[in-house]
Amino acid sequence: MSTTETPTAKERMAIERAAMPEQPAEERVRNFNEVNLGLVEEVAVREAQRCLQCKNRPCVQGCPVGLRIPEFLEKIAARDFAAAAEILQADNALPATTGRVCPQEEQCERLCVRGKRGEPVAIGWLERFVADWMAEHATAPASKADPSGFRVAVVGSGPGGLTAAGELALRGHEVTIFEALHDAGGVLRYGIPEFRLPKRIIDREVANLEALGVALETNVVVGRTLTIGQIREQFDACFIANGAGLPRFCNIPGENLKGVYSANEYLTRVNLMGAYRYESRTPVARGTTTVVFGGGNTAMDSVRTARRLGSERAIIAYRRGREEMPARAEEVKHAQEEGIEFMFLVSPTELLGDEDGWLRAARLQRMELGEPDASGRRRPVPVDGSEFELPCQVAVAAIGTKANPLLTGTAPNLQLNKWGNIETNERHQTSLPDVFAGGDIVRGGATVILAMGDGKAAAREIDDFLREGASA
Ligand code: FAD
Ligand code: SF4
Ligand code: SF4
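Residues numbered from 1 in each chain as written. Chains lettered and ligands numbered in written order. Predicted model: local features only at pLDDT ≥ 70, side-chain atom pairs only at ≥ 80, totals over all residues. Heavy atoms only, no water.

*Asks:* Could you clarify how one ought to interpret the pairing of strand 8 (residues 313–318) in this entry?
*Replies:* The side chains of a regular strand alternate between both faces of the sheet. The buried fraction of strand 8 amounts to five of the six residues, a majority that puts the element mostly inside the structure. Note that strand 7 (residues 289–293) and strand 8 share five bridges and pair parallel. Along strand 8, the bridge assignment pairs Val-291 with Ile-315. Note that the unit made of strand 8, helix 15 (residues 329–337) and strand 9 (residues 341–344) has a crossover that is right-handed. (Buried < 20%, exposed > 50% of the residue type's maximum accessible area, 1.4 Å probe, protein only. Helix = DSSP H or I, 4+ residues; strand = E, 2+ residues; numbered from the N terminus. Pairing = 2+ DSSP bridges. Right-handed = clockwise from strand over helix to strand, strands pointing away.)

*Asks:* Which parts of the structure should I look at to understand the nonpolar core?
*Replies:* One broad trend across soluble globular proteins is that nonpolar side chains are buried collectively. The biggest cluster of nonpolar side chains holds 69 residues, and the ones touching the most others in it are Ile-69, Phe-72, Ile-76, Leu-126 and Val-130. Top element by residues in this core is helix 8 (residues 123–136). It accounts for eight residues. Once residues within four sequence positions are removed from consideration, Ile-69 is found in contact with Cys-59, Val-60, Cys-63, Cys-108 and Ile-123. In this structure, Ala-263, Ala-275, Ala-299 and Ile-316 belong to the second largest nonpolar core, which totals 28 residues. (Core = buried A, V, L, I, M, F, W, Y, C linked by side-chain atoms within 4.5 Å. Contact = heavy atoms within 4.5 Å.)

*Asks:* Whenever I open this one, the packing of aromatic side chains confuses me. Can you help?
*Replies:* Under the criterion given, the structure shown has eight aromatic pairs. Between Phe-81 and Phe-129, the ring centres sit 5.2 Å apart and the planes meet at 80°, which makes this aromatic pair edge-to-face. Of this pair, Phe-81 sits in helix 6 (residues 81–91) while Phe-129 sits in helix 8; the two residues are 48 residues apart in sequence, bridging distant segments of the chain. With respect to class, Phe-81 is no different from Phe-129; both count as buried. Centroid distance Phe-342 to Phe-344: 5.9 Å. Interplanar angle 20°. Geometry classified as stacked. The buried category is assigned to Phe-342, whose relative accessible area is 18%. (Phe/Tyr/Trp six-rings, centres within 6.5 Å; stacked < 30°, edge-to-face > 60°.)

*Asks:* Please explain the pairing of strand 7 as it appears in this structure.
*Replies:* Burial analysis of strand 7 places five of its five residues in the buried class, the great majority of the element. Neither face of strand 7 is open: one carries Thr-289, Val-291 and Phe-293, the other Thr-290 and Val-292, and all of them are buried. This β-α-β element, strand 7 to helix 14 (residues 297–308) to strand 8, shows right-handed connectivity. Summarising the sheet, strand 7 and strand 14 (residues 394–397) pair through four bridges and their orientation is parallel.

*Asks:* Explain helix 14 to me, please; I cannot follow it from the model alone.
*Replies:* Helical geometry: 3.6 residues make up each α-helical turn, so side chains three or four residues apart lie on a common side. Over its twelve residues, helix 14 extends 17 Å from the first C-alpha to the last, a length consistent with the 16 Å expected when each residue adds 1.5 Å. The buried fraction of helix 14 is high, at nine of twelve residues. Just past helix 14, the residue Gly-310 takes up positive phi, approximately 110°. (Expected span 1.5 Å × (residues − 1).)

Structure (structure tokens):
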């Protein structure tokens, strides 16, 4: 069967899942280029032909933005990439990003019926294929409504803010994004490394927004440069998506030694400030051994970055076991191929320095798993007398983040929950009626696609709020 023929159901079942071409591990540990190289056209068409076009569309239920997956796959299978792009664009504002970083194995692909007896359809890789095809081919620009006369402020330019801004602009509103850093993209820019999500993709998404007329004001820290009160005076509505980027620390002695970082600082120095280049004005410590505390995506990004910065031993030290590690399966696989070492059931108790104040070793304690805790995972319990020293020159704490009180602390009537996250109702509306919020600042650390879903839904609610107010 060639890819130009429509396969029968039996032929579809016989097609095996495509493999993603990758940069070889021994090569990629010496550069920051993207690891996954993307599917070529023939392979993408064949992979899309594996879709059985299920009537009840279980995969769609697994996607937080309800992407019309079977429809979009059908167009790829028929080689109508422009039509596939149109479906994708209507449902997902940042497909080149989600196609690369969505935890597909837990979302759309987890519910794909082909996964019951074999491998699910590679929905994420096909999304990436079409998004990259779109970048190379002119597609019809989304049509924009007539100017509404309303002005909306968006705080934060991560996936939540970018999505909301785009949706609001399409609805005819005048949108301004206020961003604290000097460049837009949020975690997509400063957290997720180039080898997983190239910066040119974020540049492209931001350029598309600017072409829609969205104004971007960088270096504006809301809560300091400008308050929510001032924004409310100048704009008709506001959407807050400032993330939850305040790092958590291990709270152990020695955390202020030189060579010890939070994952946020470490990744920001490398990704946003270019510290991987020797000529960069923002340095980052490099050592023959780097140890990263944590087992999530952030830990995996940090340890793989350390490997690329020259660490011969780049180690994940995680207090639970392999099974409990929250990082995406693909990241763990790539990390293993790159020679990352995994130490399970260990937790740091102290960081030890030399006479110049530089880190020289981490003291770790062995753990065992006890009863399940509130998260349902078995709680790690220290094993008495099991401490040992691990010589290292760089240590990175990747044990989570929380809401930054800088913005919320200056907005006294903005209702927060006990963790400092902004409370919203089902309309994404906060305790201030003209202020809406979404993404990590509401959910705590979540995912790109959930932040985008919030941005999209909140934009719809803001639009209703403005038009309801105008007609009242
Ligand atoms: P953010 O992306 O955090 O963006 C918030 C923006 O607001 C930032 O640009 C920030 O500078 C700005 N800001 C903050 N305070 C202010 C202020 N006071 N004034 C103005 N601007 C402000 N999710 C996935 O789905 N897949 C992954 O593979 C994945 N990997 C990750 C890797 C790392 C290292 C990290 C840290 C997270 C990862 N996540 C991943 C989670 C995901 O990136 C977040 O859930 C998502 O970015 C949240 O989007 P957001 O728009 O709410 O906020
Ligand atoms: Fe799957 Fe994410 Fe794409 Fe939805 S946006 S279809 S969850 S890869
Ligand atoms: Fe296709 Fe899988 Fe969705 Fe069925 S569940 S429509 S096979 S992608």
